[in-house]
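# Observations on the three-dimensional arrangement
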2 protein chains.
Amino acid sequence: MRIGFIQYNVKSGDPEWNRGKTAEMLAATDADLVVLPELATSGYLFTSRQEAAGLAESLDDGPAVAVWRGIAADRNMHIVAGIAEKAGDNIYNSAVLVRPSGGIDVYRKTHLFHEEKLWFTPGDSGFNVFDVGGVRVGIMVCFDWIFPESCRTLALKGADIICHPANLVLPYCQDAMITRCLENRVFMITANRYGTERRAGKEHIFTGCSRIVGPFGQVLAEGPERGDCIEVVEIDHTEARNKALGEYNDLFKDRQIDLYELSGSAILSE
Amino acid sequence: MRIGFIQYNVKSGDPEWNRGKTAEMLAATDADLVVLPELATSGYLFTSRQEAAGLAESLDDGPAVAVWRGIAADRNMHIVAGIAEKAGDNIYNSAVLVRPSGGIDVYRKTHLFHEEKLWFTPGDSGFNVFDVGGVRVGIMVCFDWIFPESCRTLALKGADIICHPANLVLPYCQDAMITRCLENRVFMITANRYGTERRAGKEHIFTGCSRIVGPFGQVLAEGPERGDCIEVVEIDHTEARNKALGEYNDLFKDRQIDLYELSGSAILSE
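Residues numbered from 1 in each chain as written. Chains lettered and ligands numbered in written order. Predicted model: local features only at pLDDT ≥ 70, side-chain atom pairs only at ≥ 80, totals over all residues. Heavy atoms only, no water.

## With respect to the overall build of chain A
Spelled out, the test is: Only runs of H or I of at least four residues qualify as helices and only runs of E of at least two qualify as strands under DSSP, and these elements are numbered from the N terminus. Exposed residues in this analysis have more than 50% of their type's maximum accessible area, buried residues have under 20%, and partly exposed residues fall in between, with area computed by a 1.4 Å probe over protein chains only. The contact definition used throughout considers only heavy atoms, calling two residues in contact when any of these lie within 4.5 Å. All accessibility values rest on the Shrake-Rupley procedure with a 1.4 Å probe; residue burial counts only the protein chains present in the view.
Of the regular secondary structure elements, chain A holds six helices and 16 strands. Its C-alpha atoms give chain A principal-axis dimensions of about 55 × 55 × 35 Å. A total of 270 residues make up chain A; the buried ones form 61% of that total. For chain A, the share of sequence-separated contacts (at least 6 apart) that also reach a separation of at least 24 residues comes to 67%. With an accessible surface of roughly 9300 Å², chain A has 47% of that area assigned to carbon and sulfur atoms.

This is the structure in C-alpha cells:
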C-alpha cells in the first residue's frame, strides 16, 4: 500500500484558495491513502464562533468534500482531510475519510486545543477504525496525540495505520509519534501544515515536519519545517498486525489490565 | 528536593561486589531521593530459575536492603533500587524504596521482559504512589515503560516523580521518557546500567544514558552510554501538580474517558 501526506500553508479564511491548493497537490500525489492537514480549507485562527461557522461546511454537500470526492474517484485514492464541519447547529473540528466510491466516514476531534474550545463542539464520534481495502485505518486530529488513550484505543480496535491531520504549534509531537508507533506497533501519518497565521493580534506558527513513522518507530518520510511537500512511501500494513516483541513478549497480550487504574484522578488535588 | 540517579556496570552474579559498589556510590551522592538500576545486586542474565533464586534475597532481612538501610539513615536519603526479591517460593523483579527510618516499600515489576518470564513471577503489587516527605513518588521498572498505562496509572494516582530502575537493551526508552513526562506532567528518573553481560552463549549490551526528565519534557541530567555516573538535580516537585496546558487545557481534566476503549483487543485477530 502506498501512503502519504501533503503539507502546505493553509490560507487563513480562504476556503476557495485552499480547495484549489489541495486539488492541485492531490493531483500530483500517487498514493492509495493520503492525509491532508487539520482544518485544511478554513485555516486555524478565528475571531468569533460566527466566523468559524461561516468557514465550516457540510460534509454531505459542501464544496470541499465535493472536490475531494472527484479526485478520490479519478485517482482511486483514499483521502483523509481535516475540515471545519457544520452539522446542524454544531461545528466540529473533524477529519473526513473520502473514498473512491464517494462514500465518507468522519472523525470529530475529541480533545480540543486552546481556543478551539470557543468555536467547536467536542467530538462525539469516538475513535473508530475504518476498512480501506482490507487495511484498517484509524483517525485522530492534532492535539489528540498528547493523550496516549487516543492511539491506544485506535490500536486496540485494530488500526494498522493512524491518520493524523495536524496544525501543530508545539514542538513535541513529531518525536512523540515515534513513541506512539513503538508502543502500539502501528503506522502513523502526521500531516502537518506550516506557516504563520495572524488574526486579531494573535499569532500561531505551525511547525511543519510532517512525518510517516513505521511500527518499529522508524521515520519513513519527513517534510521540511517550512515548505510545500508531498511524501509517499510503500508500506506493508501487516507489519502492524503482529504485536510480538521478541520471543517472549507481546505488546498487547502482555498488558495487565487488572493492574491499571485509568479512569480516575484519585488524589490529584491536595 | 534533590533527586538523582546512579549508573554503573552491575557485575553478573556477584551480589557482594555489587552491594559494595552501590554503597561506595551512594556514599558519594548528595540527594534526597536517588535511584539505582534494575537488579542492582544480582545482575541480569541467569541460566536457570534456581540460579536466579540463589541470587535473590529477602527484603526483610537480606544483605542488600541492610546496606541500603544503613546509608539511607546515615545520609537521610531515600533510595530506590532494583532487586531480585525472594518472597516465599516466588522470585520477583522488584524495586524497593528504602527510607531513612528503615521502613521499606516495594514495587514488583508488572511487565516482565524476555527471559525474565522464565525466572520471575509477574508482579502483583500494582502501581502505587508513596509519600516521601510530602512528595509523591511512583515506581516502575524497565520494560514497564513501553506500556503507557504504567506511567498513566502512577500519574493519575498523583505521582510527582516516577523512579525507573532499568537494565535497558533497546535504544528507544530514553527518548520515550520525554513523551511520558509530557503526557503526564511528571518528573522521571531512569537509572540505567551500562556494560555487557554474557552467560551461556547469550549476550546483553545495556545502553546507559540514564536520564532525569522534567514535567515539560526537558532533559535535566543525562549519563554517558558507558561509564559510572552520579547525577543529582534540584527540582520543584510542585511543577508536576499543575496539569494545565495554557489557558484552556488540562492534561487530566481534558481526558474523555467515555470515548476511550482500553480494556480489550477487539478485532485484533483476523
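## Quick notes on the nonpolar core
Under the convention used in this document: In this text, buried Ala, Val, Leu, Ile, Met, Phe, Trp, Tyr and Cys residues form a nonpolar core when linked through side-chain atoms within 4.5 Å.
Counting residues in each nonpolar core, the largest one holds 137 residues, and the members touching the most others are Ile161 of chain A together with Ile161 of chain B. Setting aside residues up to four positions removed in sequence, Ile161 of chain A forms contacts with Met1, Ile3, Leu33, Val135, Arg136, Val137, Gly138, Phe187, Ile189 and Ile235 of chain A.

## Section: the relation of the copies chain A and chain B
So the rule is basically this: Least-squares fitting of one copy onto the other uses the C-alpha atoms of those residues that reach a pLDDT of at least 70 in both copies.
Between the two copies, chain A and chain B, the superposition gives an RMSD of 0.0 Å; the rotation angle is 180° and the shift along the axis is 0.0 Å. With respect to symmetry, the two chain copies, as superposed, fit the operation of a two-fold axis. Most of the interface of chain A is mirrored in chain B, where 100% of its interface residues are also at the interface.

## Topic: the sheet that holds strand E9 (residues 187-192) of chain A
Residues and elements named next belong to chain A. Definition in use: By this definition, two strands are paired if DSSP reports at least two bridges between them. Each axis is a line fitted through C-alpha atoms, and for a helix only the stretch in contact is used; angles between axes span 0 to 180 degrees, taken between their N-to-C directions.
If you trace the six strands from one edge of the open sheet to the other, you get E6-E7-E8-E9-E12-E13, paired in mixed fashion. Unpaired on one side and paired on the other, strand E6 (129-132) and strand E13 (219-222) mark the two borders of the sheet. The mean angle between the axes of side-by-side strands here comes to 20°, regardless of whether they run parallel or antiparallel. Judged from the three bridges that link them, E9 and strand E12 (residues 211-213) form a sheet pairing that is antiparallel. Residue Ile189 lies in a different strand from E12, and its bridge partner there is Ile212.

## Re the pattern of salt bridges
Cut-off, in case you're wondering: Salt bridge, as used here: a side-chain nitrogen of Lys or Arg that lies within 4 Å of a carboxyl oxygen of Asp or Glu.
On inspection of all chains with the given rule, the structure shows 41 salt bridges over all chains. Arg180 of chain B serves as the salt-bridge partner of Glu183 of chain A, at 2.6 Å between the closest nitrogen and oxygen. With one member in each of two chains, Glu183 of chain A in helix H6 (residues 173-184) and Arg180 of chain B in helix H6 (residues 173-184) form a pair that bridges those chains. For Glu183 of chain A, a relative accessible area of 1% puts it in the buried group.

## A word on the interface of chain A and chain B
Rule in force here: The term buried area denotes the loss of accessible surface (1.4 Å probe radius) that occurs when two parts are joined, taken as the sum for both partners. Think of a polar contact as two N or O atoms within 3.5 Å of one another; within protein, one of them needs to be a possible hydrogen donor and the other a possible acceptor, and neighboring residues in sequence only count if both atoms come from side chains. Classes in brief: Ala, Val, Leu, Ile, Met, Phe, Trp, Tyr, Cys and Pro nonpolar; Asp, Glu, Lys and Arg charged; the others, Gly included, polar.
In this assembly, 54 residues from chain A lie in contact with 54 residues from chain B. Between chain A and chain B the total buried area reaches about 5100 Å² when both faces are included, carbon and sulfur atoms providing 61% of it. Across the contact surface, chain A and chain B share 10 salt bridges. Between Arg152 of chain A and Glu149 of chain B there is a salt bridge, with its nearest N and O atoms 2.8 Å apart. Summed over the shared surface of chain A and chain B, the number is 23 residue pairs in polar contact (both at pLDDT 80 or more). Those elements that place two or more of their residues in the side of chain A that touches chain B are helix H4 (116-119), helix H5 (148-156) and H6 of chain A. Counting residues per element, the side of chain A that touches chain B draws most heavily on H5 of chain A, which supplies six residues. Class assignment for the residues of the side of chain A that touches chain B results in 27 nonpolar, 13 polar and 14 charged.

## Focus: the packing of aromatic side chains
All names here are of chain A. Test applied: Here a Phe, Tyr or Trp ring, Trp counted by its six-membered ring, pairs with any other such ring whose centre lies within 6.5 Å, and the pair is stacked when the planes are under 30 degrees apart, edge-to-face when over 60, and tilted otherwise. Look at NZ for Lys and CZ for Arg. If either is within 6 Å of the ring centre and within 35 degrees of the ring normal, a charge sits over the ring.
Evaluation of the coordinates by the stated rule reveals 12 aromatic pairs over all chains. Taken together, a centroid distance of 6.4 Å and an interplanar angle of 85° make the contact between Phe46 and Trp119 edge-to-face. Separated by 73 residues along the polypeptide, Phe46 in the loop between strand E2 (33-35) and helix H2 (49-55) and Trp119 in helix H4 bring together distant segments of the chain. Among the aromatic residues, ring-to-ring pairing joins Phe46, Trp119 and Phe120 into one connected group. One Lys or Arg, Arg108, reaches over the ring of Tyr92 and ends 4.0 Å from the middle of that ring.

## Structural notes on helix H3 (residues 63-75) of chain B
Residues and elements named next belong to chain B. Basically, it comes down to this: A helix is expected to reach a length of 1.5 Å times the quantity of its residues less one. To obtain the arc, one takes the directions from the helix axis to the C-beta atoms.
Its 13 residues give H3 an end-to-end C-alpha distance of 19 Å, which sits within 8% of 18 Å, the value for a rise of 1.5 Å per residue. Within H3, the full set of buried residues consists of Ala64, Val65, Trp68, Ile71 and Ala72. Projected onto a plane normal to the axis of H3, the buried residues spread over an arc of 125° and lie on a single side. Where H3 is buried, its residues touch helix H1 (15-27), strand E3 (78-87), strand E4 (90-98) and strand E5 (104-108).

## So, unusual backbone geometry
All names here are of chain A. You will see that His114, though not glycine, has its phi angle at about 55°, which is positive. Here His114 is to be found in the loop between strand E5 (104-108) and H4. With a relative accessible area of 22%, His114 lands in the partly exposed category. For Arg185, which is not glycine, the phi torsion reads 55° and is therefore positive. Topologically, Arg185 is positioned in the loop between H6 and E9. Classification of Arg185 by relative accessible area gives buried; the value is 3%.

## Thoughts on the packing of H1 of chain B against H3 of chain B
Residues and elements named next belong to chain B. So the rule is basically this: Comment on the angle field: the value is read as roughly parallel under 35 degrees, roughly antiparallel over 145, roughly perpendicular from 65 to 115, and oblique elsewhere.
Contact pair H1 / H3: the axes reach a minimum separation of 10 Å and the direction vectors enclose 10°. The angle between H1 and H3 places the two elements in the roughly parallel class. Here Arg19, Thr22, Ala23, Leu26 and Ala27 of H1 lie close against H3, whose contacting residues are Pro63, Ala64, Val67, Trp68, Ile71 and Arg75. Counted by class, the contact of H1 with H3 contains eight nonpolar, one polar and two charged residues.

## Section: a negative patch on the surface
Residue and element names in this part refer to chain A. To be explicit about the condition: Exposure above 30% relative accessible area and no salt bridge define the residues that can form patches, which grow by joining like charges within 9 Å and nonpolar side chains of Val, Leu, Ile, Met, Phe, Trp and Tyr within 5 Å. Charged residues are defined here as Lys and Arg on the positive side and Asp and Glu on the negative side; His and the ends of the chain fall outside this count. Here the site of a charge means NZ on Lys, CZ on Arg, CG on Asp, or CD on Glu.
A cluster of like negative charges, contributed by Asp32, Glu234, Asp236 and Glu239, occupies part of the molecular surface. Topologically, Glu239 is positioned in the loop between strand E14 (229-234) and strand E15 (244-245). Glu239 sits in the partly exposed class, given a relative accessible area of 34%.

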